[in-house]
Protein chains: 2
Amino acid sequence: MTITPQAPAAARAVPVLPTSGPVRPLGLGQVSLTGGFWGGRQSVNAGATLAHCESWMERLGWLANFDRVADGTTSPDRPGWSFSDSEVYKLLEALAWEAGRTGDQGAEAAIKRLTARVARAQDPDGYLNTCFGHDGQQPRYSDLEMGHELYNTGHLLQAAVARLRTAGEDDLVRVARRAADHVCRTFGADGLPGICGHPEIEVGLAEFGRATGEDRYVEQARLFLDRRGHGTLRDIPLGRAYFQDDVPIRRAEVWRGHAVRALYLTAAAVDVAVERGDDELLRAVERQWERSVERRTYITGGMGSRHQDEGFGEDWELPPDRAYCETCAGIASIMVSWRLHLATGDVRYTDLIERTLYNVVAASPSPDGRAFFYANPLHQRSPGRPADPAQVSPRAEGGTRAAWFEVSCCPTNVARTLAGLAGYLATTDDDGLQIHQYAPCAIRAELPDGRPVAVDVETDYPSTGAVRVRVAADASSPWTLSLRVPAWAAGATVTEDGRTRPVEPGTLAIRRAFRTGDVVVLDLPMRPRFTWPDPRIDAVRGCVAVERGPEVLCAESRDLPDPGGLDALVIDVGSGPEPDGGGARVRGRIPAHIGRGWAYAPGRPAPLAEDGERFDVPLRPYHSWAHRGPASMRVWLPAEGTPRP
Amino acid sequence: MTITPQAPAAARAVPVLPTSGPVRPLGLGQVSLTGGFWGGRQSVNAGATLAHCESWMERLGWLANFDRVADGTTSPDRPGWSFSDSEVYKLLEALAWEAGRTGDQGAEAAIKRLTARVARAQDPDGYLNTCFGHDGQQPRYSDLEMGHELYNTGHLLQAAVARLRTAGEDDLVRVARRAADHVCRTFGADGLPGICGHPEIEVGLAEFGRATGEDRYVEQARLFLDRRGHGTLRDIPLGRAYFQDDVPIRRAEVWRGHAVRALYLTAAAVDVAVERGDDELLRAVERQWERSVERRTYITGGMGSRHQDEGFGEDWELPPDRAYCETCAGIASIMVSWRLHLATGDVRYTDLIERTLYNVVAASPSPDGRAFFYANPLHQRSPGRPADPAQVSPRAEGGTRAAWFEVSCCPTNVARTLAGLAGYLATTDDDGLQIHQYAPCAIRAELPDGRPVAVDVETDYPSTGAVRVRVAADASSPWTLSLRVPAWAAGATVTEDGRTRPVEPGTLAIRRAFRTGDVVVLDLPMRPRFTWPDPRIDAVRGCVAVERGPEVLCAESRDLPDPGGLDALVIDVGSGPEPDGGGARVRGRIPAHIGRGWAYAPGRPAPLAEDGERFDVPLRPYHSWAHRGPASMRVWLPAEGTPRP
């Protein structure tokens, strides 16, 4: 089917709107979250996180940086990293989705307030950056490798896309047009042959091109993509793989280097492949996804095995303790998978989105929306220290959610993702509606031929596995309701008209002339289950994880009889895991006679000593870890015993 | 016993000479390596590495930096890092040991050549540094955190110690005196209250104080030690633990932060504790050694689990693939353990030295002495690329020995360690001789009462385990020959007078009125053995290592039927390991039906599929890995089967 920018306004209120594809995303005007797991987080985001982000950026001078440019008072002592402008833009994007979603006047006022300050800092030729090109600063584009100038602009464009699609042309969009035009003039086919060390301009330009209907922006994105991978940037000690300038993207086999960079670039590659009908490029990205998801992705969906370069490791290099799994990389992974789903209709992509939403994105913010995880390791060896809510955390690690970071990309990224989350929930095609993520919501859409598809989803998923889809409009002719059955959901059932039958993981498609009040209940099996890792993942050999529905569970030290014993805990896989509220319960023990002295002492026995009394180990959703305060934690649990067949 | 600087010249030719202690190190004039494993490496070091280092430093302008200071032509574009001066000093130290050991005129000429250039760069007040304090440079001591000024001076002092103890007062020693006096004036009790971000000045000052008999240098070292740990340095994103300024050393419980920094500091702490009779400090260091060696040290003796900060990880955080195990950290660990041994006489310290010598220090240089490993991981997932011998490696990783590095601390550190190695082999006390490391050598010493102790050691250890100690002088009264029996050497025997008896790990002490020609044969069991890790080391759970004598063995991809199969190799611990030349042989298989797709696929079986034909897997000494070219490699091998009791 073909999708045009002339689609109804409500249908355009989405972060990603390809001009063609097998399915079309439903927009914020078509899908409304009405509560539940994600609705609650969206409320906290709206009520706390948005203001929290603005207030920190005011306090640290990241907003005043725009004023200083406008007032001609720039100097070398500018506060913030070179990418701090992008945080303002990501907040603007979040505010735009929020205002679009709810019409909230506070959000609307904040957009105007921030836009005015941003607009004043734009140079007459459209260049807009508070770190380069003014008095006391390095010249424009003098450090493409690490200067983040185009990266910042990319986020400005994404903010403008959100605004354009929810409110129409305004000052922010006009600022973005001038900035995008400046980029095209400066880096076009006849301009500087450079690229930005941190991809983002590409995905920003591509979507801005879609949103404005101006193909030249898409073309500039294509140009940036094609330039990359040829050693266009200077080499750095981490190597050009760090910023994916080692191999052209269509020849790459796997994601490597800095994870957020790799994934933002890949998202843009899907956009360009779709807009240009470049199937070779699309297939290349699909192959990269396959290998990277198989071999370089954590069970949480987290990506990035290394702190050193915030990057992917090698195949099977997935240490739980040193997992970086940056929150932003999880968001970037969702951006990639959503684009691949829109380009292919394949539900493996929306499966991964669900995993990443629950186990990376949901893990980051604290319940009050005013503190965040930046890194999301699967094993915390030492409890973090309680974070001071008035202090900036200099570090991306620690096991405690921090109010703000010196490099504070994650809070605003979470904010824009949660505010725009409805744009990732459902799609339509010529024949019906596809629901990908299960949350209480109202869906009101039309098929291309004008037939209404309206359903209400009632569920407290993932607390329980029952998803009731109630039809809210009569159909004059049959249409197909498609429900994603997650890959983990062996034993799922569907009930319609009082009849229950088993369904296989994949897609459940029900084609009927639905009537108002018709109900389809998908029942997903929520009994906790053991999950075994591929034997080539060395770092978790001999361990098992416990999952429940879409949630990965974890053990926290505070729930053990001896909190110091988490590093020696062994669990019995001969029974369990048993359900326990929204988590699970396994039997474990802490061997009393573990070794002393040299860790490789001659004669140390291979098997663990058979002592240590067994006790119940409660497991809770990983996304809620450290909610009760600092703790040590692990997802992968050393196992003993023989698993039940 | 008390040791004084007035000891005979031959006995003073050692890197570490405490003024008191239960044992006294034998010097380069008392112990001569006569071939074998270490003698061969010493020859390659003398014949290739020393000139290699000088030539690279000339080529890169690190030597010319001294000329530029002398000629007043400094500028902001100085080549090399701020610590490149220290490489020149470490080379000078290596040359001094080499000249002292052999009287080699080439080494002597190189010392004079380099000393002349260094001396010209010294400022009138004794300050000597090519990176700070001159035209176009930052002011002196303006970046104590990362500027390495005092670090460089510490290495100058160590070079001067080597020269003073092998050749006596000369220009290098005079330069060092002026530099040390400058440091004492500038940072004394009434001076700047700073410390250096990279410890080294402390250990340099302490030994220079011992070598010159000037206690004020020791006192300055004490002052630097006491200042550290109170947040004296500015905080950095990695935290003050990076440079051990988080906790005063006598209150610290474990080594943490940058490994080389932590260990150089600890070496100085032992020196100061001994010189000041500070038993509290000595015990604190011993406790840190115990916990760090138990929980933060690799089976190779390597230290440093993290690339990010070249640092220690947390307890039990010992990933084999991302092990940093910097060569310099291995050398620094030997410096610490040797000082602790000299302070206590405990052979656990010389046990660790042996392990580290064979499995870290010996691994670094290539057989030709012109390429080096910087990091020493225990698992290389992808074969490195062949290194270009004409290029500087920008990176510390890669699986291939490189000719030189941008940060090239390791080659000169290996060079000084090998040149001075005889200083770590044996000690005497009032009653006899203690031999700690087994290598063919001649030992000619006297006890404090003048009795000669002279032995020749004949062995091709570690090729075989027989160590023949042949007495080379008649004794008028009994003395004690002590031989270290390594902790791994269960089943060792000793033969004297034709009678063989078992000996326990620890110290074998034989007290006799030895006569010329008396022979004691220590026979160490060289059958390869399985070594199981402490179950709390998550990263190698379910794996086993194979050791043979003091050598850790490893598997290399090129020795497998399918080189790509190393990441799925499983070995059978129900039999073997069998001896195989200088290595071992185990039975292994590569399961044919390992998983495909998502690494945590539902229903993936816990045990490995029982297929894949068994084949012999040869294992070779870890220190020789990649000698045959790039390969993937692993020390820890996933195990199946039941170990023999």
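Residues numbered from 1 in each chain as written. Chains lettered and ligands numbered in written order. Predicted model: local features only at pLDDT ≥ 70, side-chain atom pairs only at ≥ 80, totals over all residues. Heavy atoms only, no water.

The name given to chain A in an unreviewed UniProt entry is Glycoside hydrolase family 127 protein, with the source organism recorded as Nonomuraea montanisoli.

### Looking at the pairing of strand E24 (residues 637-640) of chain A
All names here are of chain A. Just so we agree on the cut-off: Paired strands, as defined in this entry, are two strands with at least two bridges between them according to DSSP. Where helices and strands are cited, they refer to DSSP runs of H or I of at least four residues and of E of at least two residues respectively, numbered from the N terminus.
As paired strands, strand E17 (residues 543-548) and E24 are joined by 2 bridges and run antiparallel to one another. The partner of Val-544 across the bridge, within E24, is Leu-637. Relative to E24, strand E19 (residues 570-572) runs parallel, the two being bridged by 2 bridges. Opposite Ile-571, over in E24, you have Ala-639 as the bridge partner.

### Looking at helix H4 (residues 84-102) of chain A
Residue and element names in this part refer to chain A. Note the following rule: Helix span, expected: 1.5 Å multiplied by one less than the number of residues in the helix. A 1.4 Å probe rolled over the protein chains alone gives each residue an accessible area, and that area as a share of the maximum for its type sets the label: buried under 20%, exposed over 50%, partly exposed in between.
Relative to the 27 Å expected for 19 residues at 1.5 Å per residue, H4 spans 27 Å between its end C-alpha atoms, a close match to the ideal helical length. With 16 of 19 residues buried, H4 lies mostly within the body of the structure. Remark: Gly-103 follows H4 within two positions and exhibits a positive phi of approximately 70°.

### What to know about the domain arrangement of chain A
All names here are of chain A. Stated precisely, the cut-off is as follows: Each domain's limits were defined by an automated method or a database of domain assignments. We call two residues contacting when some pair of their heavy atoms lies within 4.5 Å. Salt bridges are defined as contacts in which a side-chain nitrogen from Lys or Arg sits within 4 Å of a carboxyl oxygen from Asp or Glu.
Domain annotation of chain A identifies domain 1 (35-424), domain 2 (426-523) and domain 3 (529-598 + 605-640). Using C-alpha coordinates to define each centre, domain 1 is positioned 35 Å away from domain 3. Contact with domain 1, which involves 33 residues of that partner, is made by 25 residues of domain 3. Joining domain 1 to domain 3, the criterion identifies 1 salt bridge.

### Structural notes on the sheet that holds strand E12 (residues 493-496) of chain A
Residue and element names in this part refer to chain A. Short version of the rule: Only the stretch in contact is used when fitting a helix axis, every axis being a line fitted to C-alpha atoms; angles between N-to-C directions are given from 0 to 180 degrees.
Spatially, 7 strands are ordered E2-E8-E9-E10-E15-E12-E13 in an open sheet, and the strand pairing comes out antiparallel. Across the chains shown, the open sheet's two edge strands, defined by having one partner strand only, are strand E2 (31-33) and strand E13 (499-502). For this sheet the average axis-to-axis angle between neighbouring strands, irrespective of direction, equals 15°.

### A closer look at the packing of aromatic side chains
Keep this limit in mind: Only Phe, Tyr and Trp rings take part, Trp by its six-membered ring, and two of them pair if their centres are within 6.5 Å. Stacked means planes under 30 degrees apart, edge-to-face means over 60, and tilted covers everything else. Note on criteria: charge over ring means Lys NZ or Arg CZ within 6 Å of the ring centre, with the direction from the centre no more than 35 degrees off the ring normal.
Throughout the structure, instances matching the rule amount to 48 aromatic pairs over all chains. Relative to Tyr374(A), the ring of Tyr324(A) lies with its centre 6.2 Å away and its plane at 65°, an arrangement referred to as edge-to-face. One end of the pair, Tyr324(A), is in the loop between helix H11 (279-295) and helix H12 (327-344); the other, Tyr374(A), is in the loop between helix H13 (347-361) and strand E3 (379-380), with 50 residues separating them in the sequence. Taking relative accessible area as the criterion, Tyr324(A) reaches 4% and is therefore assigned buried. Look at Tyr374(A) and you get buried, because its relative accessible area is 4%. Residues Phe373(B) and Trp625(B) carry aromatic rings whose centres are separated by 5.2 Å and whose planes lie at 20° to one another, so their mutual orientation is stacked. One end of the pair, Phe373(B), is in the loop between helix H13 (347-361) and strand E3 (379-380); the other, Trp625(B), is in the loop between strand E22 (615-621) and strand E23 (633-634), with 252 residues separating them in the sequence. Residue classification places Trp625(B) among the buried residues on the basis of a relative accessible area of 0%. Site record: aromatic cluster; members linked through ring pairs are Phe37(A), Trp38(A), Tyr358(A), Tyr438(A) and Tyr461(A). The positively charged end of Arg41(B) is found above the aromatic ring belonging to Phe37(B), 3.8 Å away from the centroid.

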